[in-house]
Amino acid sequence: MKQRVLVFSVDAMVYEDLQHLRSCRNTKKYFQNACGVWHIRSIYPTVTYPAHTTILTGCYPASHGVISNTHFTTGSTEYEWLWDAGNVKVPDVITAAKEQGYTTGAVFWPVTGNHKAVDYLIDEYWCPHEGETLLGGFANMGSSPEMLKIIEKNQHLLPNGGKLGRVALMDHPQIDHFLISCACDIIREYSPEFMLVHNGNIDDARHKYGVFNEEVLHGLDLVDLWIGQLMRALEDSGHLHDTDVIIVSDHGQMDLSRVIKPNVFFADAGLIQVDENGNLRDWTAFCCSNAMSAMVYLKDPANVQDYAKTYAVLQKMAAEGIYGFTTVYTKDETKAMGLDGAFSFIWKTAFPVQGHAISDRQQWHLKRHACFCSKVEQPVFVHHHHQLIVQ
């Protein structure tokens, strides 16, 4: 008989959260004797899509190719998220499980859209395109007719009356109630032997309210509710006792003190040109936010003069010591960190007391993700097995 696996990723949950979670009813019931890894070093960049791809592949971003949540663009990133599994350059554990004869499922796990090895798939996707429908959008991302029925069954749980787009659809915790209910239906009806589930309510709470506060504790109470729902779905399917249940997370966060907008400096240096309304007209260098760090792209990376001028602007900012960063890394230097891509430079925020966020737009959603993974609260790994007792 195959030993089954259910992986539940709670985005941005950290070690310190476990003290509260362990006091909650469902976690206490099902994970009282669980084992865990209490200190985990995430990858760089420490953001959701690269980290979740590393969880599945065991590779650094330089190898698997997912170096940010979105493709690089000088425009809106609304349509540029890396939803599709085709963005991953190496094999992953889902494919390995499928090759070994396991049935597989994934609900809202990042970068799994149209994954050929996932039998029961509901991708993390929010139907941003004009004219897109809920069922049509998920079908385009690889959901089968059976999964579309489950989506339709749980449609009443969607936030904002089922309006589509990232802001409307990805409204936490309502979207989490929807995706967990979908995952439970998949477990009860199809019992995949290798199952992945990802939710984002803790990440959302920390973005909105800070790292540690009552809103986050309330979010953890909801996580406990969803743990109970998933475990009862396993019980109903008859597979609680032959399923390894693993709770993981991807990154920590930091509270913010300032927001830095490097593209303003690039414009002052003549590296970005805008029209009289402030709209981008042309660019030589462009800084792309990657949470509390940034990637700098050159329009012509082979242009030696552009490279030198951009590097000089960044080094001058770093030397002044007031913009939240003190070191600029070239692409050759980032390879040693496990990061490679089409960018020319990266830079990370410093850590005096609080973090500095980097914005590449005039208005943006404040991001608190860690830039270097050893500097803030760490993600978690907790393992439950009915035969395992750890004192």
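Before any of the text, the structure's been laid out above.
Below: a short report on this structure. All values reported here derive from a predicted model rather than from experimental measurement.

## Re the packing of aromatic side chains
And then number 1: Tallied over the entire structure, the rule returns 17 aromatic pairs.
And then number 2: Seen in terms of ring centroids, Phe72 and Tyr297 are 3.9 Å apart; in terms of plane orientation they differ by 15 degrees. Their pairing is stacked. Of this pair, Phe72 sits in the loop between helix H4 (61–64) and helix H5 (93–99) while Tyr297 sits in strand E11 (residues 293–298), and the two are 225 residues apart along the sequence.
And then number 3: Tyr297 gets classed as buried once you look at its relative accessible area, which sits at 9%.
And then number 4: Seen in terms of ring centroids, Trp83 and Trp126 are 5.5 Å apart; in terms of plane orientation they differ by 80 degrees. Their pairing is edge-to-face. A residue pair is termed long-range when its members are at least 10 positions apart, and Trp83 in the loop between H4 and H5 and Trp126 in the loop between strand E4 (120–122) and helix H6 (134–140) qualify at 43 residues. Judged on exposure class, the residue Trp83 and its partner Trp126 are both buried.
And then number 5: Here the aromatic cluster, defined as three or more aromatic residues joined through ring pairs, consists of Tyr49, Trp81, Trp83, Phe108, Tyr125, Trp126, Phe138 and Phe178.
And then number 6: If you follow Lys2 out to its NZ or CZ, it ends over the ring of Tyr102, 5.0 Å from the centre.

## Overview of the sheet that holds strand E10 (residues 285–289)
And then number 1: Across the sheet, 4 strands lie side by side as E10-E11-E13-E12; this open sheet has antiparallel pairing. Pairing within the sheet leaves two strands with one partner each, and these edge strands are E10 and strand E12 (328–330). Taking the axes of each pair of neighbouring strands and ignoring which way they run, one obtains an average angle of 25 degrees across the sheet.
And then number 2: Relative to strand E13 (residues 345–348), E12 runs antiparallel, the two being bridged by 3 bridges. Looking across to E13, one finds that Thr330 is bridged to Phe345.
And then number 3: Across the sheet, helix H13 (residues 304–320) is in contact with E10, E11, E12 and E13; its angle to E12 comes to roughly 155 degrees.

## Things to note about empty space enclosed by the protein
And then number 1: Tallied over the entire structure, the rule returns 3 cavities of 30 Å³ or more.
And then number 2: In this structure, the largest cavity is lined by Arg4, Val5, Leu6, Ile187, Ser191, Pro192, Met195, Leu234, Ser237, His239 and Thr243.
And then number 3: Counting only elements with at least two residues in the lining of the largest cavity, the list comes to strand E1 (4–10) and helix H11 (214–237).
And then number 4: Broken down by element, the residue count for the lining of the largest cavity peaks at 3 residues, all from E1.
And then number 5: Per-class residue counts for the lining of the largest cavity are 6 nonpolar, 4 polar and 1 charged.
And then number 6: Of the voids in this model, the second largest cavity is the one considered here, and its volume is about 40 Å³.
And then number 7: A class-by-class count of the residues in the lining of the second largest cavity yields 4 nonpolar, 4 polar and 1 charged.

## Digging into the pattern of salt bridges
Charged atoms that come close allow side chains of opposite charge to pair.
And then number 1: Inspection of every chain in the model, using the stated rule, returns 10 salt bridges.
And then number 2: A salt bridge links Asp119 to Lys98; the shortest N-O distance between them is 2.7 Å. In this pair, Asp119 sits in the loop between strand E3 (104–107) and E4 while Lys98 sits in helix H5, placing the two residues 21 residues apart along the sequence.
And then number 3: In this structure, the salt-bridge partner of Asp185 is Lys153, at a minimum N-O distance of 3.3 Å. Here Asp185 is found in helix H9 (residues 174–190), whereas its partner Lys153 is found in helix H7 (residues 145–153), with 32 residues between them in sequence.

Rules used throughout
Residues numbered from 1 in each chain as written. Predicted model: local features only at pLDDT ≥ 70, side-chain atom pairs only at ≥ 80, totals over all residues. Heavy atoms only, no water. Phe/Tyr/Trp six-rings, centres within 6.5 Å; stacked < 30°, edge-to-face > 60°. Helix = DSSP H or I, 4+ residues; strand = E, 2+ residues; numbered from the N terminus. Buried < 20%, exposed > 50% of the residue type's maximum accessible area, 1.4 Å probe, protein only. Lys NZ or Arg CZ within 6 Å of the ring centre and 35° of its normal. Pairing = 2+ DSSP bridges. Axes fitted to C-alpha atoms, helices over the stretch in contact; angles between N-to-C directions. Contact = heavy atoms within 4.5 Å. 1 Å grid on protein atoms, 1.4 Å probe; cavity = no way out; pocket = protein on both sides within 12 Å on 5 of 7 lines; lining within 4 Å. Points joined across faces, edges and corners; volume = space filled by probe spheres on them. Nonpolar A, V, L, I, M, F, W, Y, C, P; charged D, E, K, R; others polar. Salt bridge = Lys/Arg side-chain N within 4 Å of Asp/Glu carboxyl O.

All we've got here are geometric facts, nothing functional implied.
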